[in-house]
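# Structure at a glance
Chain by chain, the residues:
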Amino acid sequence: MGTSLFTGFTRLCKGLAVVLVGGHIILQILPSSVDYLALIPARTIPFAWNLITAGYVEQSVHQVMINAIGLLFIGKLLEPIWGTREFLKFIFVVNFLTSLCVFVTAISLYYITMQENYLYMPISGFHGVLSGFLVGIKQIIPDQELSLLKIKAKWLPSLSVLLSVVVSFFTEEPAKYLPTLIFGTYMSWIYLRYLQKNPETKHRGDPSDEFAFSTFFPEFLRPVIDPIASIFHRMLCGRTATSDEARGYTLGGAPLPGSHPVEASRRRERGARALEERLAADMLATGGKEEESKKDAVENV
């Protein structure tokens, strides 16, 4: 089982991992390239491409190692379920929206504090998308217990954000990574909740109560979070909900097939089944390798 843990990585994930490593190498060879590839709010207006490139440029060795390993292992689970095209679309959309939110936040912090470091601080890294992957795991296999951590998968995004906030009190310049991680988590939820297209039903999003925004918080906080979340829901998605009803997504107050939360539960069942199949395949692959090694040993004897 140990050897199978390091196999089965998808071609797309391996390619993106090479991009992360390559981007870090470029920064080491040409340090000045950080001014053009990383997100520097004061230079984003002429160099707008850094809203995209910043997510694929790692400035430190430990950063590139953590993000590349996370991409390989989590991508091995998510990509077969979503499909390669949807997986790549998720990465692109979440990365761009996260960078855009970080840019707006940095400009706002400058006008609030008048500190220029918010304008010229180079911000980059894949950790925004990586935090979004955790939201994807929460959606697909929320009740899957992680044997190593002894917690359910649905709490991974919340714990990641909480841990990052705690760590930010003990590190210098937390603005370099904390907004990216927080917005990566939120933007990925927005995408999966309202925008991701279901290839089977042709409808978008996951309307289930189990994937509501308040589920990222402990049970006792949900009565407070739900009213606030409903306000933002009406602000951001009220027009979309109206257009959905106009298209006939509801009939006499009852959702049509595919738009009901039951479809979301089916999606989670498919995710759990895909996880079980992958684990079974890994075990079979490991068993086959052990049998081959035994045969080789017998022949050598």
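Each residue is numbered by its place in its chain's sequence as written, counting from 1. Confidence filtering applies because this is a predicted model: local features only for residues at pLDDT of at least 70, side-chain atom pairs given and counted only at 80 or more, and all residues used for totals across whole chains, interfaces and linings. To obtain the side-chain values, all non-hydrogen atoms of the structure were used and water was disregarded.

Stated formally: UniProt positions are given in the numbering used here, feature names are shortened, and annotations may be inferred rather than shown by experiment.
In the annotation of an unreviewed UniProt entry, the entry for the protein chain reads Rhomboid-like protein 19, and the organism field reads Rhododendron simsii. For the protein chain, the Subcellular location (unreviewed entry) comment in UniProt is given as "Membrane".

## Describing the pattern of salt bridges
What counts is decided by this rule: Salt bridges are counted wherever a side-chain nitrogen of Lys or Arg sits within 4 Å of a carboxyl oxygen of Asp or Glu. In this scheme, a residue with accessible area under 20% of its type's maximum is buried, one over 50% is exposed, and one in between is partly exposed, where area comes from a 1.4 Å probe on protein chains only.
Counting across every chain of the model gives 3 salt bridges. Lys176 serves as the salt-bridge partner of Glu173, at 3.3 Å between the closest nitrogen and oxygen. Assessed through its relative accessible area of 40%, Glu173 is described here as partly exposed. Judged by its relative accessible area of 29%, Lys176 is partly exposed. We note a salt bridge from Glu219 to Arg222, for which the minimum N-O separation is 3.1 Å. Accessibility expressed as a relative area gives 58% for Glu219, which makes it exposed.

## Describing the UniProt feature "transmembrane region" (unreviewed entry) in the protein chain
As a reminder, the rule being used: Helical segments are the DSSP runs of H or I of at least four residues, strand segments are the runs of E of at least two, and each set is numbered from the N terminus.
When the UniProt feature table is mapped onto this chain numbering, "transmembrane region" (unreviewed entry) sits at residues 12-30, 90-112, 118-141 and 177-195. For the annotated span residues 90-112, helix accounts for 100% and strand for 0% of the residues, and the straight-line distance between the end C-alpha atoms is 32 Å.

## Looking at empty space enclosed by the protein
The condition that has to hold: Think of a 1 Å grid over the protein atoms and nothing else: a 1.4 Å probe that fits but is trapped marks a cavity, an open set flanked by protein within 12 Å on at least five of seven lines marks a pocket, and residues with an atom within 4 Å of a point count as lining. Grid points are joined across faces, edges and corners, and a volume is the space filled by probe spheres set on the points. Here the term charged refers only to Asp, Glu, Lys and Arg, the term nonpolar to Ala, Val, Leu, Ile, Met, Phe, Trp, Tyr, Cys and Pro, and the term polar to all other amino acids, Gly among them.
If you walk through the whole model with that rule in mind, you get 2 cavities of 30 Å³ or more. Of the volumes computed, that of the largest cavity is approximately 100 Å³. What lines the largest cavity is a set of 15 residues, among which Gly55, Asn95, Ser99, Gly125 and Thr180 lie closest to the centre. Counting only elements with at least two residues in the lining of the largest cavity, the list comes to α5 (84-113) and α7 (127-140). For the lining of the largest cavity, the element with the highest residue contribution is α5, accounting for 5 residues. The residue makeup of the lining of the largest cavity, split by class, is 6 nonpolar, 9 polar and no charged. Within this model, the second largest cavity holds a volume of roughly 60 Å³. Lining the second largest cavity we find Val102, Thr105, Ala106, Leu109, Tyr118, Met121, Ile123, Ala175 and Pro179. It is α5 that provides the largest number of residues to the lining of the second largest cavity, a total of 4 residues. Tallied by class, the residues present in the lining of the second largest cavity amount to 8 nonpolar, 1 polar and no charged.

## Some thoughts on helix α8 (residues 156-168)
Under the convention used in this document: A helix is expected to reach a length of 1.5 Å times the quantity of its residues less one. Here a residue-residue contact requires only that any non-hydrogen atoms of the pair lie within 4.5 Å.
Relative to the 18 Å expected for 13 residues at 1.5 Å per residue, α8 spans 18 Å between its end C-alpha atoms, a close match to the ideal helical length. For α8, the full list of buried residues reads Leu156, Pro157, Ser158, Ser160, Val161, Ser164 and Ser168. Among the structural elements, α7, β1 (145-146), β2 (151-152) and α9 (178-195) are those in contact with the buried residues of α8.

## Notes on the packing of aromatic side chains
Operational definition: Any two rings among Phe, Tyr and Trp, with Trp reduced to its six-membered ring, count as a pair given centres within 6.5 Å; such a pair is stacked if its planes are under 30 degrees apart, edge-to-face if over 60, and tilted if neither. Throughout this description, the term charge over a ring refers to an Arg CZ or Lys NZ atom that lies within 6 Å of the ring centre and within 35 degrees of the ring normal.
Summed over the entire model, instances satisfying the criterion amount to 17 aromatic pairs. Taking the centre distance of 5.1 Å and the plane angle of 80 degrees together, the rings of Phe9 and Phe73 count as edge-to-face. Remark: Phe73 occurs in helix α4 (residues 61-82) and Phe9 occurs in the segment before α1 (11-29); sequence separation between them is 64 residues. Given a relative accessible area of 18%, Phe9 falls into the buried group. The structure contains a cluster of three or more aromatic residues connected by ring pairs, namely Tyr56, Trp82, Phe87, Phe90, Phe126, Phe133 and Tyr191. Between the NZ or CZ atom of Lys138 and the centre of the ring of Phe216, over which it lies, the distance is 4.7 Å.

## Looking at the nonpolar core
As a reminder of what qualifies: Take the buried residues of types Ala, Val, Leu, Ile, Met, Phe, Trp, Tyr and Cys, join any two whose side-chain atoms come within 4.5 Å, and each joined set is a nonpolar core.
Counting residues in each nonpolar core, the largest one holds 39 residues, and the members touching the most others are Ile91, Phe133 and Ile137. Every element with two or more residues in this core is listed here: α1, α4, α5, α7 and α9. For this core, the leading source of residues is α4, giving 8 residues. Dropping the residues within four chain positions of it, Ile91 is found in contact with Leu16, Tyr56, Phe126, Val129 and Phe133. Of all hydrophobic cores here, the second largest spans 11 residues; its members include Leu39, Leu51, Tyr110 and Met121.

## Points about a positive patch on the surface
What counts here: Within this analysis, patches are made of residues with over 30% relative accessible area and no salt bridge. Like charges are joined at 9 Å or less; nonpolar side chains (Val, Leu, Ile, Met, Phe, Trp, Tyr) at 5 Å or less. Only the protein chains shown count as cover for residues, and the accessible areas themselves come from Shrake-Rupley with a 1.4 Å probe. His is not counted, nor are the chain ends, whereas Lys and Arg count as positive and Asp and Glu as negative. Throughout, a charge is located at the NZ atom of Lys, the CZ atom of Arg, the CG atom of Asp or the CD atom of Glu.
On the surface, Arg85, Lys89, Lys197, Lys202 and Arg204 cluster together into a positively charged patch. Tracing the backbone through its elements, the reader meets Arg85 in helix α5. Relative accessible area serves as the criterion here: at 77%, Arg85 is assigned to the exposed category.

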